[in-house]
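# Analysis of the macromolecular model
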Amino acid sequence: MIRSISLLTFIFLLLFSFSQNKESVEKYDADYTKADLLFNKAENLSQKANYNEELEEKLNKEALNLFLTIIPAAEKNKDDSLLFHCYYKTGILYHYFDSLNRALEYYKRAINQQGKNISLADSFFFKPYLFAGSVYYNTEKFDSSLFYYQQANLILNKYSTPLQESQRLYNRLGAIYFETGNYKQAKNYFEKALSVLEPGNPFYKEFLFNYKNNIASAQIKLDEYSEAFAIYQSMLKEKINRNEIFHNLGQISLAQNKNTDALNYFNQVNYNDNRKQMLLNDVGHAFYNLKKYDSANFYFKLSESENTKWNNDRKNNQHGINLRYTATLLNEERKYEEAVYNFHLAIIQFDNDYNEKDIYKNPESYSGIFSYINLFNALTGKALAFENWHNKDKDQKKLEASLNTYHAAFKLADYVERSYNSDEARLFLNKIKYIAHNKPIAISLQLYELTNEKKYLEDAYYFDQLNKASLLSLNTEETSLRKKSIKDSSLFQKETIFKTSITRLSLKAARTTDSLQLQQLKSSIRDLEIELGKVIENINASASLSATHLSNRIPSVDRVKKILDENTALLSYHLSETEIIIFGITKNSFFHYRNPINTIFYQRMDSLHKMLNNSSGVFRNQIAVFSAELYSYLITPVQLKISSAKRLVIIPDDELHYLPFDVLIDSEKKYLIEKFSIQYLYSTTLLSDKKQTLNDQGTLAFAPFTNRSFTDSTISFSRLPETQKEISNLAGESFVDSSATKTNFLLKANSQGILHLATHAQLNNEKPMQSFIVFYPSQNDSTDSKLYAQEIYNLRLDSTRLIILSACETGTGQLIKGEGLMSLSRAFSFAGCPNVITSLWKANDQSTAIIVSKLHTYLSRGFAPDMALQKAKTDLLHNTSIDPRLKQPNYWAHLVSVGNYDPIRHGLKWRWVAIGTIVLMLVYYFTKKTTTKKLPDSRNN
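Parameters at a glance
Numbers given for residues are sequential positions, taken from 1 along each chain in its written order. Under the rules for a predicted model, residues below a pLDDT of 70 receive no local features and side-chain atom pairs below 80 are neither given nor counted, while totals for whole chains, interfaces and linings still include all residues. Each side-chain value is derived from all of the structure's non-hydrogen atoms; neither hydrogens nor water enter the calculation. Helix numbers and strand numbers start at the N terminus; a helix is a DSSP run of H or I with at least 4 residues, a strand a run of E with at least 2. Burial classes: relative accessible area under 20% of the type maximum marks a residue as buried, over 50% as exposed, and values in between as partly exposed (1.4 Å probe, protein chains only). Residues are treated as being in contact if the distance between any of their heavy atoms lies within 4.5 Å. Being paired, for any two strands, means DSSP has found at least two bridges between them. Angles run from 0 to 180 degrees between N-to-C directions of axes, and those axes are lines fitted to C-alpha atoms, restricted for helices to the stretch in contact. Note on terminology: angles under 35 degrees are roughly parallel, angles over 145 are roughly antiparallel, angles of 65 to 115 are roughly perpendicular, and the others are oblique. A crossing counts as left-handed when the near helix is turned anticlockwise from the far one by less than a right angle, and as right-handed when that turn is clockwise. Classification used: nonpolar for Ala, Val, Leu, Ile, Met, Phe, Trp, Tyr, Cys and Pro, charged for Asp, Glu, Lys and Arg, polar for all others including Gly. Any carboxyl oxygen of Asp or Glu within 4 Å of a side-chain nitrogen of Lys or Arg constitutes a salt bridge here. Stacked, tilted and edge-to-face are the three classes applied to pairs of Phe, Tyr and Trp rings, where Trp contributes its six-membered ring and a pair requires centres within 6.5 Å; stacked means planes under 30 degrees apart, edge-to-face means over 60, and tilted covers the rest. Lysine and arginine charges are scored as sitting over a ring when NZ or CZ, respectively, is within 6 Å of the ring centre and within 35 degrees of the ring normal.

### Some details on the environment of serine 501
Looking at the element boundaries, serine 501 is found in helix H23 (residues 489-511). Sequence separation between serine 501 and serine 524 is 23 residues, and the spatial gap between their C-alpha atoms is 9.4 Å.

Have a look at this one:
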């Protein structure tokens, strides 16, 4: 009986509970319907002409309260689908009321529903990721922001058509790239945002203005001033947002140092929000450039007042910029202590994780995303102020503080360079580094002279190498690490496909005159560059390739000593406006020399370069005079230090890249090449002690013009009959005339140890990527016969150990300060080939053939490339049967050896083989002779 009553009670309670639960579900379903109605009604209000802000706020409050009431009941019943919508919309409402932390909490709750058993497509989670990223972005937590944006982007990539708000994502990704200084990629994303913006969007005009404005802002940073100016001028016709337009026009003028024009534009701007701080900074900056320091100071103080008004002591970039500008002004006014202090405060503003108050300390490590360029400028400004402070009171501690701050600045630059995934962004950063690179070298040497401590001389060497070919060395390091870490070749295949497609379309765009077609090509290139950026990020992630994982690329002095053999001296040159500094390293020594120079030195270099490019021979005497004069600057100061060497490894700097050191003449009228083999190196970062083997590898040779000339629509290429001699009798595979096509080259390029191109080349100094090497024309189609520099960068030549480019001007090109010549030979180095023999000017066919034929002879005997080239050149100079005219530097000095240093191991290997053979023969002879003498005795027994 009792058991029956208990059972009935249990059933009653169960039915009651079910009834209650059903009523609860029905209630919160009804409440959700009501809340959603209020939410949508408020959202629709903002799109109406008679917009009522008070009503919108009232509706949103009611909706928020209802959602907060529904959520606990839905959580209790584990109604995951409903919970997603409640969390997401609650996040939006908190976002509306500027309660960002609460908004972020609910966006994350919505995102956490993704893995649960709910019937929601991935597209539903796009907006929570996007808006969570926006919260982080607005609070300047860019690292977290980027993570959520990337997750949203992964969802977006799954769909063939853009999702709602996709334009907002592209714009924000562009903004993050902009913040990090990658302006090319930022521009790509801003343009992508504009391309997917639909005219039916209720905020179309607002978004259209913002995206165009962002594109133009990126163009200003890329020095594309006329393009940015045109965008703003077209936007003025719309008669909206005139404040922003005039402000931006002023910034263009400011960037071009047209400060009066900038002030005229700024005077037409009237902000009533926190943008006023930025405007006042810009006005102050313009007055500073005009050397009207009182006016500059006045506006900087007004900007500081605006910061106090709007930002409530929260870190922000404009406050940092104000502090940096103020510090720069104080430095100009010789108030160095105050300047240092303000620069230090600016550093704190630009680095979210740094709060150290001690001005003698600096950030020691970097992570996350922030305003890199502003931070770098603040650090270098602080270093300069410390140096000026030392010059005033002669306190060595301040000079050491200056050097330490430069170390922090260049450590930042190195970190940023590694975090970029495009060469354009890295080159832009190098331009900023270059402006400051002279100072730390000079300070290091000053401290060395004061203290005689070796560490300061090594600091000077470090800063010298830090500014040389950093882009090339970083790419080399990354390529090596990728190969070791990643086994999945599909990622590299994707990278190659995108790079090849971009190159093909870029070259096509360069030849296109139709404006509509050109715009279509540019859009395709933009989309491919965005996709390529994603692939590279995936590769780097797969290889754990981050700024913090890459090693310090610059080898120590002791490391260099261990790599060099006893017959080699390394000379690294550093040029400034007032002096030339030579850093020398041998197996047993490390030395330096400082030599004052002036404009005459640069004039001599420029004149010699031009004379060497003239094959008429009329400048023979002047060449000798200038070569001797430059020898006194470049070699004489270190002559005794390198007297025991047989080869020189030369690391040029800036304009010295145009000079073949071979032609320098000593007091005995001897060319430098007659004393030393000369190997040019981009930087010690590319030094390697790995053994190279060239003598046992075949040669792949191309000579397309042995029997014919070629003319396309713009230029003629003459017949090169001597090139047949260059490549005759080579072990390997040769393509001559009609078989020497670009197609065959691309098929065979990485198949042999040595690649020899005996052909024409065309230099484009304005657009280095459009320089090219010429192959045999395909039915007079000039595009099929040209291998462009941009294409060479995409090649894989890691099996090729040496490339011989006996074509005109393959070793010269546009000079990028601190990076070197953007030459065709450099493109081959990027493609993976460690050694290139290349030409600095238009080569004479006959003399080139003589040298190159001899070069191959010495290579086959096992000589390193630089030593083989030296012997080939000196053979020509000392051969009495050769026409004396061909012995002028114009005819033989154009060929230079650039690339890996190879310790002397096998240059004379054939001699040792011969000596060994002779020894064995002698041993055999005497052994046989001795045995023969003993035989009669044996028989007598």
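### Topic: the environment of isoleucine 582
Here isoleucine 582 lies in strand S2 (residues 579-586). Accessibility expressed as a relative area gives 0% for isoleucine 582, which makes it buried. In this structure, isoleucine 582 is in contact with Leu571, Ser572, Tyr573, Phe591, His592, Tyr593, Tyr633, Leu634 and Val638, ignoring residues within four places of it in sequence.

### With respect to the sheet that holds strand S14 (residues 802-805)
Ordered in space as S3-S2-S1-S4-S5-S18-S17-S14-S10-S6-S9, the 11 strands form an open sheet in which the pairing is mixed. Two strands lie at the open edges of the sheet, namely strand S3 (590-596) and strand S9 (732-736), each paired on one side alone. Within this sheet the neighbouring strands show an average axis-to-axis angle of 20°, counted without direction. Where strand S6 (residues 699-703) and S9 come together, five bridges link them in parallel fashion. Of the residues in S9, the one forming a bridge with alanine 701 is serine 734. Of the strands in this sheet, strand S1 (568-575), S2, S3 and strand S4 (647-651) are in contact with helix H21 (residues 454-466), which crosses S2 at around 105°.

### Here we look at the packing of helix H9 (residues 204-221) against helix H10 (residues 225-236)
The interhelical angle for the contact between H9 and H10, taken along N-to-C directions, is 155°, at an axis separation of 8 Å. Taken together, the axes of H9 and H10 are roughly antiparallel relative to one another. Pair H9 / H10 crosses with left-handed handedness. Where H9 approaches H10, its residues Phe209, Lys212, Asn213, Ile215, Ala216, Ser217, Gln219 and Ile220 are matched on the opposing element by Tyr225, Glu227, Ala228, Ile231, Tyr232 and Met235. Taken together, the residues that form the contact of H9 with H10 break down as nine nonpolar, three polar and two charged.

### Digging into the packing of helix H11 (residues 242-255) against helix H12 (residues 259-266)
At a minimum axis distance of 8 Å, the contact between H11 and H12 shows a crossing angle of 170°. With respect to each other, H11 and H12 are oriented roughly antiparallel. Taken together, the residues of H12 that come into contact with H11 (itself represented by Phe246, His247, Leu249, Gly250, Gln251, Ser253 and Leu254) are Asn259, Asp261, Ala262, Tyr265 and Phe266. Across the contact of H11 with H12, the residue classes tally to six nonpolar, five polar and one charged.

### Remarks on the pairing of S3
Note on strand geometry: in a regular strand, side chains alternate between the two faces of the sheet. Pairing of S2 with S3 involves seven bridges; the strand directions are antiparallel. Within S3, the residue paired with isoleucine 580 across the bridge is asparagine 595. Between S2 and S3, which pair antiparallel and follow one another directly, the connecting turn spans three residues.

### Here's the deal with the pattern of salt bridges
Summed over the entire model, instances satisfying the criterion amount to 34 salt bridges. Measuring nitrogen to oxygen at the nearest pair gives 3.5 Å for the salt bridge that ties arginine 109 to glutamate 75. Of the two residues, arginine 109 is situated in helix H4 (residues 100-111) and glutamate 75 in helix H2 (residues 53-76); the sequence distance between them amounts to 34 residues. Judged by its relative accessible area of 26%, arginine 109 is partly exposed. Ionic pairing is found between glutamate 791 and lysine 742, a salt bridge with its closest N-O pair at 2.9 Å. A residue pair is termed long-range when its members are at least 10 positions apart, and glutamate 791 in helix H31 (residues 789-793) and lysine 742 in helix H29 (residues 742-748) qualify at 49 residues. Connected via shared salt-bridge partners are Glu75, Arg102, Glu105 and Arg109.

### What to know about the packing of aromatic side chains
Counted according to the given criterion, the structure contains 40 aromatic pairs. Measuring from ring centre to ring centre gives 6.4 Å for phenylalanine 39 and phenylalanine 67, while their planes differ by 75°; the resulting arrangement is edge-to-face. Of the two residues, phenylalanine 39 sits in helix H1 (residues 2-45) while phenylalanine 67 sits in helix H2, which places them 28 residues apart along the sequence. For the pair formed by phenylalanine 39 and phenylalanine 67, the shared burial category is buried. Lysine 398 extends its terminal NZ or CZ atom over the ring of tryptophan 389, reaching a point 4.5 Å from the ring centre.

### Describing the sheet that holds strand S12 (residues 772-774)
Overall, antiparallel pairing links the three strands, which are arranged S11-S12-S13 in an open sheet. Only two strands of the sheet have a single partner each, and these edge strands are strand S11 (761-762) and strand S13 (786-788). As paired strands, S12 and S13 are joined by three bridges and run antiparallel to one another. In the sheet register, phenylalanine 772 faces S13, and the bridge partner there is tyrosine 788.

### Brief notes about the pairing of S2
The buried fraction of S2 amounts to eight of the eight residues, a majority that puts the element mostly inside the structure. With burial as the criterion, each face of S2 is covered, one bearing Glu579, Ile581, Phe583 and Ile585 and the other bearing Ile580, Ile582, Gly584 and Thr586. With seven bridges joining them, S1 and S2 adopt antiparallel strand pairing. Counterpart to tyrosine 573 in the pairing with S2 is isoleucine 582. Linking two consecutive strands that pair antiparallel, namely S1 and S2, is a turn of three residues.

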